[in-house]
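# Remarks on the overall topology
Below, each chain spelled out in residue letters.
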Amino acid sequence: MPGLLRGVARTAVVAGTATAVSNRVSRRQAGRWAQQEAPQAEAAPPPPPPPPAPAAAPAADDMTTKIDQLKQLSTLKEQGVLTEEEFAEQKHRLLG
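The rules we used
- Residues numbered from 1 in each chain as written.
- Predicted model: local features only at pLDDT ≥ 70, side-chain atom pairs only at ≥ 80, totals over all residues.
- Heavy atoms only, no water.
- Helix = DSSP H or I, 4+ residues; strand = E, 2+ residues; numbered from the N terminus.
- Buried < 20%, exposed > 50% of the residue type's maximum accessible area, 1.4 Å probe, protein only.
- Areas by Shrake-Rupley, 256 points an atom, 1.4 Å probe, with all protein chains shown as cover.
- Expected span 1.5 Å × (residues − 1).
- pLDDT = per-residue confidence, 0-100.
- Phe/Tyr/Trp six-rings, centres within 6.5 Å; stacked < 30°, edge-to-face > 60°.
- Lys NZ or Arg CZ within 6 Å of the ring centre and 35° of its normal.
- Salt bridge = Lys/Arg side-chain N within 4 Å of Asp/Glu carboxyl O.
- Patch = residues over 30% accessible without salt bridge, like charges linked within 9 Å, V, L, I, M, F, W, Y side chains within 5 Å.
- Lys, Arg positive; Asp, Glu negative; His and termini not counted.
- Charge placed at Lys NZ, Arg CZ, Asp CG, Glu CD.

All right, on to the overall build of the protein chain then. Tallying secondary structure elements over the protein chain gives three helices and zero strands in all. Counted from the first residue to the last, the protein chain has its helices and strands arranged as α-α-α. The 96 residues of the protein chain split such that 4% are buried. Surface accessibility of the protein chain: about 8,500 Å² in total, with carbon and sulfur atoms responsible for 61%.

On to helix α3 (residues 84-95), then. The end-to-end C-alpha separation of α3 is 16 Å, in line with the 16 Å expected for twelve residues at 1.5 Å each. Two residues or fewer after α3 comes Gly-96, characterised by a positive phi angle close to 45°.

This part covers the confidence of the model for the protein chain. In low-pLDDT segments, the atomic positions of the prediction should not be examined closely. Taken as a whole, the protein chain shows an average pLDDT of 78; of its residues, 81% reach a score of 70 or greater. Model confidence for the protein chain, summarised as mean pLDDT per element, is weakest for helix α1 (residues 2-43) at 76 and strongest for α3 at 88.

Aromatic ring pairs: the centre-centre distance and the angle between the two ring planes describe each pair. Under the defined criterion, the tally for this structure stands at zero aromatic pairs. In this structure, Lys-77 packs its charged tip against the face of Phe-87, placed 4.6 Å from the ring centre.

The next point concerns the pattern of salt bridges. Overall, the coordinates contain two salt bridges when judged by the stated rule. The partner of Glu-89 in a salt bridge is Arg-93, and the shortest N-O contact between them spans 2.7 Å. One end of the pair is Glu-89 and the other is Arg-93, both in helix α3 and four residues apart, which spans about a single turn.

A contiguous patch of positive charge, built from Arg-24, Arg-27, Arg-28 and Arg-32, is present on the exposed surface. In this structure, Arg-24 sits in helix α1.

Right, dumping it as structure tokens:
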């Protein structure tokens, strides 16, 4: 029995030491990667500004677009892609 306890204790010490060493190596490696990426992040140029919003379309063109979108929604409903509730919700959003 004493031999069994000694073996269990030795296994626990070895496993604990291996875990501690592994964690330390992981932290050190993560720190090195962070140091390597920091200069690259500072040297990167800022992203370009977003493009300006397009001008408002004429009302007639807007209505044609809405009609086309309604036709597409109707087709999707007829094909069974959209349920009646989904169709009604999308139609409400479109016509607002």
